[in-house]
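Overview (structure and organization)
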Amino acid sequence: GGNYYDYIRIKALESCGRSSIGAKVEVKVSISSIPIVKEVGNSAAYLSQSESTVHVGLGTIELDNIFEIKVTWPPRWQ
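Bear in mind that the values here come from a model prediction, so they are computed numbers and not experimental data.

**Some points on the overall build of the protein chain**
A count of helices and strands for the protein chain gives zero helices and seven strands. Moving toward the C terminus, one meets the helices and strands of the protein chain in the order β-β-β-β-β-β-β. The long-range fraction of contacts in the protein chain, counting pairs at least 24 apart against all pairs at least 6 apart in sequence, stands at 60%. Of the roughly 6,200 Å² of accessible surface on the protein chain, a fraction of 52% belongs to carbon and sulfur atoms.

Written out as structure tokens, the structure reads:
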């Protein structure tokens, strides 16, 4: 049982090591493909917290075929 679909997990970190909440991650599997865009987020509930790693499902595409991963960092608050 189970599925055999590939995925990639991307953790965007600031220079101090904490998660970069608000960063946008774009994944393209080929030159002509539309990018898959995900945003690093975080949410919490009573006694729990979601992880801030971006999870991108790729279907049956193998990880060797990813064309580009682009991270856009959020502007720093001043």
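**Here we look at the sheet that holds strand 7 (residues 68-72)**
Pairing is antiparallel across the open sheet formed by three strands, whose spatial order is 3-2-7. Strands at the two margins of the open sheet, each flanked by one partner only, are strand 3 (36-39) and strand 7. Each strand of the sheet is rotated relative to its neighbour by a mean of 15 degrees, with strand direction disregarded. Relative to strand 3, strand 2 (residues 24-28) runs antiparallel, the two being bridged by four bridges. By the bridge assignment, Val25 is partnered in strand 3 with Lys38.

**Observations regarding the confidence of the model for the protein chain**
Close inspection of predicted coordinates is inappropriate for parts of the model with low pLDDT. The predicted model of the protein chain has a mean per-residue pLDDT of 83, with 90% of residues at 70 or higher. Mean pLDDT across the secondary structure elements of the protein chain bottoms out at strand 4 (residues 44-45), with 75, and peaks at strand 2, with 93.

Quick notes on the rules
Residues numbered from 1 in each chain as written. Predicted model: local features only at pLDDT ≥ 70, side-chain atom pairs only at ≥ 80, totals over all residues. Heavy atoms only, no water. Helix = DSSP H or I, 4+ residues; strand = E, 2+ residues; numbered from the N terminus. Contact = heavy atoms within 4.5 Å. Areas by Shrake-Rupley, 256 points an atom, 1.4 Å probe, with all protein chains shown as cover. Pairing = 2+ DSSP bridges. Axes fitted to C-alpha atoms, helices over the stretch in contact; angles between N-to-C directions. pLDDT = per-residue confidence, 0-100.

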